[in-house]
Amino acid sequence: MPDWHDRGTGMAPEPSPPDYVPKAHLFPQTLDDLMQRAGPYDRAAKAHVEWTGVSVWLMKTDCSAQLEAAGLPFAVADLSVLLVKEAEEHDAGWPRLSGPSAIPALYGYSPDSQCEARRSAAQVRSMWEAQGGPYVRPSDCKFAFQYLAACIRKGVIPPIPAFGDVGPSSTEKPARPHILNMYKENT
């Protein structure tokens, strides 16, 4: 076996493994992690990511046989999912970078049409869930997290409290004294 440190071989030495391996990802990798980091926007983030997954599943898979068996034309299913996605995101408080929150298009239809759109979207969503809820990927969670961060930077939503932003604990229930404090009092 050749000596890798021999100057005549032209082979580079193997790099050593990094000393520090982070214990947590910088960006959320799962929907649960995203919801924990999203603070008061957890329901909105969940609605956004899940309905985006339903939309992508509807567009990328050949689910026409399933839709046909349910009596749903593809155009109806697609439009229903888009209308309900926008309405549920709005109802959950998903912020908009493009300006003030507009009234979702679904609310412009008659109550019967709204019910039919929600029923059709719920059927499509149940088919999506039966397939295991595909297209809820780490990249989707990362995008939603970065979108919320952009909304905070732009001033659309207030900052979400992080560990460093939390104020001191109240004095109503003081912490138990530390054992080393006994030595300070006795000296």
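See the structure shown above.
A. Fine view of the nonpolar core. In this structure, W51, W57, L58, L67, V81 and V124 are the most contacted members of the largest nonpolar core, which totals 19 residues. Only α2 (42-60), α4 (74-92) and α5 (111-130) provide two or more residues apiece to this core. Residues contacting L58, with those up to four places away along its chain left out, are C63, L67, F74, A77, D78, V81 and V124. Core analysis: the second largest hydrophobic core is formed by 16 residues, Y41, V49, C141 and C151 among them.

B. Layout of α5. Between its first and last C-alpha atoms α5 spans 28 Å; for 20 residues at 1.5 Å apiece the expected length is 28 Å, and the two agree. Among the residues making up α5, those that are buried are Q114, A117, S120, A121, V124, R125, M127 and W128. Buried residues of α5 fall within an arc of 155° about the axis and therefore sit on the same side. Away from its buried face by more than 90 degrees, α5 exposes P111, D112, C115 and A130. Looking at the buried residues of α5, the elements they touch are α2, α3 (64-69) and α4. Downstream of α5 by a residue or two, G132 has a phi angle that is positive, lying close to 95°.

C. Inspection of the packing of α2 against α5 at higher detail. α5 packs onto α2 with a crossing angle of 85° between their chain directions and a minimal axis gap of 10 Å. The angle between α2 and α5 places the two elements in the roughly perpendicular class. In this structure, α2 uses E50, W51, G53, V54, W57 and L58 to contact α5, whose residues at the interface are A121, V124, R125, M127 and W128. In terms of residue class, the contact of α2 with α5 is made up of 8 nonpolar, 1 polar and 2 charged.

D. How the structure looks around the pattern of salt bridges. Enumeration over the complete set of coordinates arrives at 6 salt bridges. What emerges from the salt-bridge pattern is a single network uniting E50, R125 and E129.

E. Main features of the packing of aromatic side chains. Tallied over the full model, the rule gives 3 aromatic pairs. The interplanar angle of 10° and the centroid separation of 5.2 Å between the aromatic rings of W94 and Y147 together place this pair among those described as stacked. In this pair, W94 is assigned in the loop between α4 and α5 and Y147 in helix α6 (residues 138-154), connecting sequence segments 53 residues apart. Residue classification places W94 among the buried residues on the basis of a relative accessible area of 9%. Between F143 and Y147, the aromatic rings sit 6.2 Å apart at their centres with planes inclined by 35°, giving tilted as the arrangement. In this pair, F143 and Y147 are both assigned in helix α6, 4 residues apart and thus about one turn of the helix distant. Judged by its relative accessible area of 18%, Y147 is buried. One aromatic cluster is present, formed by W94, F143 and Y147 through successive ring pairs. Over the face of the ring belonging to F145 we find R37, whose NZ or CZ atom lies 5.7 Å from the ring centre. Across from the ring centre of W51, 5.0 Å away, lies the NZ or CZ of R125, which sits over that ring.

F. Looking closely at the side chain of H48. Positionally, H48 belongs in helix α2. You can call H48 buried: its relative accessible area is 11%. Only 2.8 Å separates the side chain of H48 from the side chain of E89, close enough to count as a polar contact. If we skip the residues at most four places from it in the chain, H48 touches K85, E89, W94, F143 and A144.

Thresholds, definitions, all that
Residues numbered from 1 in each chain as written. Predicted model: local features only at pLDDT ≥ 70, side-chain atom pairs only at ≥ 80, totals over all residues. Heavy atoms only, no water. Core = buried A, V, L, I, M, F, W, Y, C linked by side-chain atoms within 4.5 Å. Buried < 20%, exposed > 50% of the residue type's maximum accessible area, 1.4 Å probe, protein only. Helix = DSSP H or I, 4+ residues; strand = E, 2+ residues; numbered from the N terminus. Contact = heavy atoms within 4.5 Å. Expected span 1.5 Å × (residues − 1). Arc of directions from axis to C-beta. Axes fitted to C-alpha atoms, helices over the stretch in contact; angles between N-to-C directions. Parallel < 35°, antiparallel > 145°, perpendicular 65-115°, else oblique. Nonpolar A, V, L, I, M, F, W, Y, C, P; charged D, E, K, R; others polar. Salt bridge = Lys/Arg side-chain N within 4 Å of Asp/Glu carboxyl O. Phe/Tyr/Trp six-rings, centres within 6.5 Å; stacked < 30°, edge-to-face > 60°. Lys NZ or Arg CZ within 6 Å of the ring centre and 35° of its normal. Polar contact = N/O pair within 3.5 Å; in protein donor to acceptor, adjacent residues only side chain to side chain.

Everything listed here is a matter of coordinates, which is why it stays silent on function.
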